[in-house]
Amino acid sequence: MRLRFWFDLPGVEHLQNLHPLVVHYPIALLSSALLVYLLAWVLRWESWQWPALWMLVLGSLAAAAAAATGLYSAGGVMVAPEVRMSLLEVHEHIMLAVAGLALVLALWASA
């Protein structure tokens, strides 16, 4: 399946699905949220809690999008059956656990 976007990224036409494009956003946002929360806590900078909360919320939404694109495209990934059973299923479980945990933490932090 060839992907077309309104912007022209080099190499996009060679991707099998959207998941590789989406997955990097939750990785960056959730790890940044953790770092900013830790700095706000250690340095007692309460003003840094709001940016950390926004990073956590946006990272949670991005994790949900990454999980959705990963689940949608899982059947179409061209890999050997041994790889699918050993690697992709573990990847799927970790993906769902991180997305679920991020959503729960975002809801808890916003309350």
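Please refer to the structure higher up on the page.
Presented here is a report on the structure given in the accompanying data block. Being a predicted model, the structure only gives us computed values, none of them experimental.

Once that is clear, we can look at the packing of helix H2 (residues 24–42) against helix H3 (residues 49–73). Their axes nearest at 8 Å, the elements H2 and H3 cross at an angle of 155 degrees. On the basis of their axis angle, the class for H2 and H3 is roughly antiparallel. The two elements H2 and H3 cross, and the hand of that crossing is left-handed. Counting all contacts with H2, which are made through Tyr25, Pro26, Leu29, Leu30, Ser32, Ala33, Val36, Tyr37 and Ala40, the residues of H3 involved are Gln49, Ala52, Leu53, Met55, Leu56, Leu58, Gly59, Ser60, Ala62, Ala63 and Ala66. Per-class residue counts for the contact of H2 with H3 are 16 nonpolar, four polar and no charged.

Okay, the environment of glycine 100 next. Its place among the elements puts glycine 100 in helix H4 (residues 81–110). Relative accessible area serves as the criterion here: at 31%, glycine 100 is assigned to the partly exposed category. Each C-alpha atom, one on glycine 100 and one on alanine 63, is 8.5 Å from the other, the two residues being 37 residues apart in sequence.

Cut-offs applied
Residues numbered from 1 in each chain as written. Predicted model: local features only at pLDDT ≥ 70, side-chain atom pairs only at ≥ 80, totals over all residues. Heavy atoms only, no water. Axes fitted to C-alpha atoms, helices over the stretch in contact; angles between N-to-C directions. Helix = DSSP H or I, 4+ residues; strand = E, 2+ residues; numbered from the N terminus. Parallel < 35°, antiparallel > 145°, perpendicular 65-115°, else oblique. Left-handed = near helix turned anticlockwise from the far one by under 90°. Contact = heavy atoms within 4.5 Å. Nonpolar A, V, L, I, M, F, W, Y, C, P; charged D, E, K, R; others polar. Buried < 20%, exposed > 50% of the residue type's maximum accessible area, 1.4 Å probe, protein only.

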